[in-house]
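Here is what each chain is made of, one letter per residue.
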Amino acid sequence: MGGRAVTRREATPASVPAVRKGDALDVSGLPSYGFAHRSLMWWGNAGMMTIEGVAFGFMIVIYFYLRDIARVWPDSGRVPALLFGTINLGVILASAWPNYLAQKAAQDRSLLRVRLWLYVCSLFGIALCAVRWFEFTALNVRWDDGAYGSVVWVLLGLHSFNLVTDVLDTFVLTAVTYSKPVEGKRYVDIAENCGYWYFVVLTWLPIYAVIYFGARI
Amino acid sequence: MDDARALPLRPRPRRRSRAKAQASDRRELLRDGDGAGSRAAAELERTWQDKPGLRGFLSANGHKTTGLRFVVTAFVFAGLAGIMGGLMRHQLATANSHLVGPDFYNQLFSMHGTAMMFLFAVPVMQGFALYVVPLMIGTRNTAFPRMSACAYWLYLLGGLLLFGAFATNTGPDAGWFAYVPLAGPQYGIGKRADFWNMLVTYSEAMGLMVAVDITTTILKLRAPGMTLRQMPLFVWASLVTSVMIIFAMPMVMLGANLVQFDRMLGTHFFNPAEGGDPLLWQHLFWFFGHPEVYFIFIPALGFVSAIIPTFARRPMFGHDAIVLSLITTGFLSFGLWVHHMFATNLPELGKSFFTAMSFMIAIPTALQIFCWIATIAAGRLVMRTPFLFVLGFFFILMIGGLTGVMLGSVPLDLQVHDTYFVVAHLHYVLIGGAVFPLFAALYYWFPKVTGKMLSERLGRWHFWLFFIGVNLTFFPMHILGLHGMPRRIYTYGAETGWEALSLVSAAGQVINDLGTLLFAINLVRTVFFKSERASADPWGAGTLEWSVASPPPKCNFFALPVVASREPLWSPPAEVTHVQGLSAQIREGLTTTVIDALPDTRYAYPAPEIWPFVAALSVTIWLVWSVWSVPGFAWGLIPPALAFLLWYWPNKKEAIEELKWEGEP
């Protein structure tokens with residue numbers, strides 16, 4: 001059985017059909033797990049991403065609400081330095097590639113490739129956390145300086161919380177691939193963790209724009 | 001790439017043909033499908049049994065256990081909050097009363113509202129959904145049972161903390177919506193507001209976890225054949241509510257945390273002197289707070305829609321219209337929040353929009369009421385206690401709805417804003433819209449849960465005392481409000497002329513309490529002293545939960561049902577009736593496709609583990625720590641992180657067991 005065949009079957013749900021036996025529907029031939037929206041993990045993950053996406057969205061609304069009522073914005077008079085945020089933008093966009101390969105490897109259930117790309121993803125994660133640290137120092141404002149400082153810190157803090165969580169998840173999943181036996185459903189978990197990483201990448205785009213250009217434009 | 005190379009570590013019978021593999025599997029593995037009394041059924045009961053002892057108690061994650069725990073705990077909290085309500089009525093029954101002082105009175109009304117909304121109304125509805133939904137859609141457990149178990153422990157610990165704080169004179173005292181600046185760093189001195197913020201973080205985290213669980217369960221675990229169009233109305237109501245929770249609750253969680261940051265870290269979100277805005281909190285709170293009313297009301301509509309067909313002895317008239325109304329109500333409820341803020345300096349044009357929206361939301365509710373009336377009119381009525389409560393719901397909700405239309409218009413709202421008129425309105429809506437259907441649901445599903453019927457006679461007494469009591473308590477408040485009696489006053493002078501009606505209201509409360517007491521007696525008597533058993537379907541209802549014994553077996557269904565109609569128990573038997581071939585030796589279920597409910601994959605449910613409890617406990621320690629110490633806010637995160645790690649870490653024995661049943665996609 002080739003890897004490509006697996007991928008093709010993946011595209012059609014219920015590819016191994018349930019069989020009718022008398023007045024019963026025999027499901028013993030059905031797979032015990034499935035990728036993407038066939039897995040419950042995908043739906044749980046989607047729910048969590050919606051919850052966090054809503055929180056990010058509202059944080060951005062709060063930013064503009066406060067900007068709207070402010071006489072001077074930023075009220076500290078100093079805009080955040082662009083350098084580290086922009087480096088982060090580049091690194092985080094680049095991290096989508098090993099992430100894609102890790103997800104692909106998980107869907108192919110190729111343990112060696114999964115490990116390789118999870119290691120690469122973990123390295124990217126460490127780099128991102130390090131740059132994020134410098135980003136906080138380059139905001140040029142303290143959280144208790146005024147409403148502007150408060151909203152910028154919480155906005156960046158929320159994204160950092162998600163970033164750190166997903167990096168830790170990636171470490172844990174890398175370790176789990178060494179805890180034998182590796183069940184098929186662990187590959188689903190890995191693929192879904194990669195799905196969550198896209199969320200971390202994509203949410204950074206609007207948050208980056210708001211933090212760095214909301215104070216400039 | 002070759003599969004064998006791709007998966008070097010997985011011991012699978014790779015080279016055998018599927019048929020051969022299945023044949024050899026059958027010899028060693030026991031599969032379900034034979035129904036009650038079979039060897040597989042006995043094995044299933046063993047598999048789904050909770051472990052014994054304290055550890056087993058703390059690890060249990062069956063949806064029936066978790067759901068029941070939610071409902072029972074919610075009623076205990078409601079009882080405590082009800083006693084606080086009674087104290088307030090007692091205090092205000094006479095002029096110049098000094099039974100309690102102003103400071104304690106502030107805590108009383110804040111605790112009453114907070115506990116009723118956050119610790120009773122939402123959790124009790126989610127608890128019901130956890131218990132009933134899997135039985136109604138024909139599955140063995142919810143999608144993420146450990147997450148719901150963790151949510152329960154968070155809820156319990158959060159509630160205990162709040163009441164613990166109250167017992168040590170640290171109960172929140174800025175109202176159930178904790179407006180800043182009263183709850184902010186400047187005026188909210190001590191730790192009272194901190195406990196409110198913490199409780200909100202808890203209860204919303206809990207609500208969100210259960211909502212994700214219920215949504216996934218409904219979309220992916222329905223019995224084969226139960227297409228979205230054939231899904232029971234209560235399941236629809238639970239789905240709409242859960243999706244609404246996912247979109248609304250993050251708001252108040254975020255908001256409460258921002259207030260906490262203001263209090264703890266010195267941020268300035270709500271401080272006008274530093275560019276913040278107190279009104280921002282009102283927006284954050286009510287954008288959640290208005291949908292919150294509907295988290296309570298929509299499941300109640302689901303109860304009513306589940307109960308009416310059973311007692312009208314016919315399928316629901318306008319099933320599709322009711323589904324669309326539920327969804328419409330869900331959407332519209334997000335556009336109403338400003339009608340709580342008509343007394344603030346918002347643009348008049350904006351207020352007109354929210355007035356229009358507030359009127360519009362009456363339309364889908366009215367549509368449902370017409371469908372129910374049509375069902376009742378065309379049916380053969382059986383007058384039992386659950387149905388009585390449904391009729392009470394009609395009456396009281398209607399009055400609450402009418403005053404709602406009045407309050408939706410800006411000029412009238414400005415006149416009665418913050419008076420007892422609003423108190424009357426919200427109690428009519430919440431008691432009529434949620435508590436009456438809740439009692440109806442309790443009487444209705446009680447035999448399913450316990451295997452025993454509640455006494456009809458006591459039930460009727462309960463209904464009439466409660467119905468008269470509620471009207472007597474809250475109707476006079478309309479008039480008091482129109483006479484200008486403000487909310488949240490701990491006493492008043494005799495010259496105001498409010499005494500007579502306040503006394504009537506207090507008397508109503510006593511009658512109301514008597515009704516509730518009878519209900520408690522009925523519960524205790526039935527559970528502990530009645531031996532007569534209820535049949536599987538004592539009301540002659542048509543949905544799936546009535547197809548299994550009362551109380552249901554641990555695994556719910558010995559063979560999962562296959563569904564061909566909306567009321568499977570009222571339909572002639574179909575050609576295909578049940579599913580076979582799921583494991584009887586591990587906790588296995590069946591996932592189906594989202595719209596058509598075609599069989600998709602088998603699914604191994606998470607086994608019971610202690611980690612959800614440990615995680616909830618460590619989150620509690622973190623939150624309490626963070627109230628007293630800023631570094632605690634950071635360091636306290638380490639234990640929950642470890643707990644979640646251990647929760648996720650694969651259990652070797654379990655993995656080996658599950659591998660025997662694995663089949664590739």
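Residues numbered from 1 in each chain as written. Chains lettered and ligands numbered in written order. Predicted model: local features only at pLDDT ≥ 70, side-chain atom pairs only at ≥ 80, totals over all residues. Heavy atoms only, no water.

Tallying the contact residues gives 76 residues for chain B and 74 residues for chain A. Taken over both partners, the interface formed by chain B and chain A buries close to 6,500 Å², and the fraction arising from carbon and sulfur atoms is 65%. Across the contact surface, chain B and chain A share 4 salt bridges. The salt bridge partner of Asp 600 of chain B is Arg 38 of chain A, with a shortest N-O separation of 2.8 Å. Looking at the side of chain B that touches chain A, the element that brings in the most residues is helix H9 (residues 233-264) of chain B, giving 7 residues. Across 3 bridges, the pairing between strand E2 (residues 24-26) of chain A and strand E1 (residues 578-580) of chain B is parallel. Bridge assignment links Ala 24 of chain A to a residue of E1 of chain B, and that residue is His 578 of chain B. (Contact = heavy atoms within 4.5 Å. Buried area = accessible area lost by both parts, 1.4 Å probe. Salt bridge = Lys/Arg side-chain N within 4 Å of Asp/Glu carboxyl O. Helix = DSSP H or I, 4+ residues; strand = E, 2+ residues; numbered from the N terminus. Pairing = 2+ DSSP bridges.)

Moving on, we come to the sheet that holds E2 of chain A. For sheets, the rule is that strands pair by backbone hydrogen bonds, running either parallel or antiparallel. Strand order in this open sheet of 3 strands is E1(A)-E2(A)-E1(B), and the pairing throughout is mixed. Looking at strand neighbours, the two that pair on one side only are strand E1 (19-21) of chain A together with E1 of chain B, the edges of this open sheet. Averaged over all pairs of adjacent strands, the angle between strand axes in this sheet comes to 35°, irrespective of strand direction. (Axes fitted to C-alpha atoms, helices over the stretch in contact; angles between N-to-C directions.)

A few words on the pairing of strand E2 (residues 588-592) of chain B. All names here are of chain B. The element E2 is extensively covered by neighbouring structure, given that 5 of its 5 residues are classed as buried. Side chains Glu 588, Leu 590 and Thr 592 project from E2 onto one buried face, and the interleaved Gly 589 and Thr 591 project onto a second face that is buried too. Where E2 lies against strand E3 (residues 599-604), 5 bridges are found, and the strand directions are antiparallel. Residue Thr 592 lies in a different strand from E3, and its bridge partner there is Pro 599. (Buried < 20%, exposed > 50% of the residue type's maximum accessible area, 1.4 Å probe, protein only.)

Moving on, we come to unusual backbone geometry. Cis geometry marks the peptide bond from Lys 180 of chain A to Pro 181 of chain A, where omega comes out at 0°. Assignment of secondary structure puts Pro 181 of chain A in the loop between helix H5 (147-176) and helix H6 (184-213). Within the chain, Asn 140 of chain A stands out as a residue other than glycine whose phi angle is a positive 65°. Within the element layout of this structure, Asn 140 of chain A appears in the loop between helix H4 (111-137) and H5. You can call Asn 140 of chain A partly exposed: its relative accessible area is 25%. In this structure, Asn 556 of chain B takes a positive phi of about 70° despite not being glycine. With respect to the element layout, Asn 556 of chain B can be found in the loop between helix H18 (499-529) and E1.

A word on the nonpolar core. Counting 252 residues, the largest nonpolar core has Ile 62 of chain A together with Phe 285, Trp 372, Phe 436 and Trp 445 of chain B as its most contacted members. Those residues in contact with Phe 436 of chain B that sit more than four places away from it in its chain are Phe 389, Gly 392, Phe 393, Ile 396, Ile 431, Phe 463, Phe 466, Phe 467 and Val 470 of chain B. (Core = buried A, V, L, I, M, F, W, Y, C linked by side-chain atoms within 4.5 Å.)

This next bit is on the domain arrangement of chain B. Assigned domains within chain B: domain 1 (22-263 + 282-312 + 321-346 + 539-602), domain 2 (383-529) and domain 3 (611-659). Summarising the inter-unit geometry, the C-alpha centres of domain 2 of chain B and domain 3 of chain B are found 41 Å apart. (Domains from an automatic or database assignment.)

A few words now on the domain arrangement of chain A. For an interface, size is often stated in terms of accessible area lost upon the parts coming together. Examined at the domain level, chain A breaks down into domain 1 (1-32) and domain 2 (36-213). Between the C-alpha centres of domain 1 of chain A and domain 2 of chain A the distance comes to 36 Å.

All names here are of chain B. Across its 23 residues, helix H7 (residues 145-167) extends 33 Å between first and last C-alpha, which sits within 8% of the 33 Å expected from 1.5 Å per residue. H7 sits mainly inside the fold: 19 of its 23 residues count as buried. Note on H7: the residue one or two positions beyond its end, Asn 169, has a positive phi of about 60°. (Expected span 1.5 Å × (residues − 1).)

Turning our attention to H6 of chain A. All names here are of chain A. Across its 30 residues, H6 extends 45 Å between first and last C-alpha, which sits within 8% of the 44 Å expected from 1.5 Å per residue. Largest kink in H6: about 25°, centred on Leu 205, with the proline Pro 206 one to four residues after it. Most of H6 sits out of view: 23 of its 30 residues are buried. (Bend = angle between axes of the 7 residues up to and from the residue.)

This next bit is on the pattern of salt bridges. In the structure shown here, the tally under the stated rule is 27 salt bridges over all chains. The partner of Arg 142 of chain A in a salt bridge is Asp 144 of chain A, with the nearest N and O atoms 3.0 Å apart. Residue Arg 142 of chain A is classed as partly exposed on the basis of its relative accessible area, which comes to 43%. For Asp 144 of chain A, a relative accessible area of 26% corresponds to the partly exposed category. In this structure, Lys 660 of chain B engages Glu 657 of chain B in a salt bridge whose closest nitrogen and oxygen atoms are separated by 3.3 Å. Sharing partners across several salt bridges, the network here consists of Arg 38 of chain A together with Lys 220 and Asp 600 of chain B.

Attention now moves to the confidence of the model for chain B. All names here are of chain B. The share of residues in chain B with pLDDT of 70 or more is 96%, and the mean pLDDT across the chain is 91. Every residue in residues 1-18 is under pLDDT 50, and counting partners more than four places away or in other chains gives 38 contacts. Interface scoring of the predicted complex returns ipTM 0.91; its pTM is 0.93. (pLDDT = per-residue confidence, 0-100.)

All names here are of chain B. By the element assignment, Thr 217 lies in helix H8 (residues 192-220). Given the relative accessible area of 1%, Thr 217 is considered buried. In contact with Thr 217, not counting residues within four places along its chain, are Ile 137, Thr 139, Asn 141, Thr 142, Ala 143 and Arg 222.

Our focus in this paragraph is the side chain of His 159 of chain A. Residues and elements named next belong to chain A. Relative to the elements of secondary structure, His 159 occurs in helix H5. Here the side chain of His 159 touches Arg 132 through a polar contact of 3.2 Å, side chain to side chain. For His 159, the residues in contact, after removing those within four places along its chain, are Phe 56, Ile 92, Arg 132, Val 200, Thr 203, Trp 204 and Ile 207. (Polar contact = N/O pair within 3.5 Å; in protein donor to acceptor, adjacent residues only side chain to side chain.)

Take the packing of aromatic side chains next. Throughout the structure, instances matching the rule amount to 84 aromatic pairs over all chains. Note on Phe 70 of chain B and Tyr 155 of chain B: the rings are 5.3 Å apart at their centroids and 20° apart in plane angle, and the pair reads as stacked. Placement of Phe 70 of chain B in helix H5 (residues 63-92) and of Tyr 155 of chain B in helix H7 is noted, with a sequence separation of 85 residues between them. Tyr 155 of chain B matches Phe 70 of chain B in its accessibility class, with the two residues each being buried. Here Tyr 444 of chain B and Trp 445 of chain B contribute two aromatic rings whose centre-to-centre distance is 5.1 Å and whose plane-to-plane angle is 65°, an arrangement assigned as edge-to-face. One exposure class covers both Tyr 444 of chain B and Trp 445 of chain B, and it is buried. Three or more aromatic residues joined by ring pairs make a cluster, and in this case those are Phe 75, Phe 120, Phe 389, Phe 395, Phe 436, Phe 439, Tyr 443, Phe 463, Trp 464, Phe 466, Phe 467 and Phe 519 of chain B. For the cation-ring pair, Arg 186 of chain A lies above Tyr 648 of chain B, with the distance from its terminal atom to the ring centre recorded as 5.2 Å. One cation-aromatic arrangement involves Arg 69 of chain B over Phe 57 of chain B; the distance from NZ or CZ to the ring centre is 4.2 Å. (Phe/Tyr/Trp six-rings, centres within 6.5 Å; stacked < 30°, edge-to-face > 60°. Lys NZ or Arg CZ within 6 Å of the ring centre and 35° of its normal.)

Moving on, we get to a nonpolar patch on the surface. Residues and elements named next belong to chain B. Judged by side-chain polarity, Leu 617, Ile 621, Trp 625, Trp 635, Ile 638 and Leu 642 come together as a nonpolar surface patch covering roughly 620 Å² of accessible area. When residues of the nonpolar patch are assigned to their parent elements, the largest contribution, 3 residues, is made by helix H19 (residues 611-628). With respect to the helices, strands and loops of the structure, Trp 635 is situated in helix H20 (residues 630-635). (Patch = residues over 30% accessible without salt bridge, like charges linked within 9 Å, V, L, I, M, F, W, Y side chains within 5 Å. Areas by Shrake-Rupley, 256 points an atom, 1.4 Å probe, with all protein chains shown as cover.)

All names here are of chain B. Taken N-terminus to C-terminus, the directions of H5 and H7 make an angle of 15°; their axes are 10 Å apart at the nearest point. Looking at the two axes, H5 sits roughly parallel to H7. In the crossing of H5 with H7, the sense of the turn from one axis to the other is left-handed. Together, Thr 66, Arg 69, Phe 70, Thr 73, Ala 74, Phe 77, Leu 80 and Met 84 of H5 and Ser 148, Ala 149, Ala 151, Tyr 152, Trp 153, Tyr 155, Leu 156, Gly 159, Leu 160, Phe 163 and Phe 166 of H7 make up the contact between the two elements. When its residues are assigned to classes, the contact of H5 with H7 shows 14 nonpolar, 4 polar and 1 charged. (Parallel < 35°, antiparallel > 145°, perpendicular 65-115°, else oblique. Left-handed = near helix turned anticlockwise from the far one by under 90°. Nonpolar A, V, L, I, M, F, W, Y, C, P; charged D, E, K, R; others polar.)

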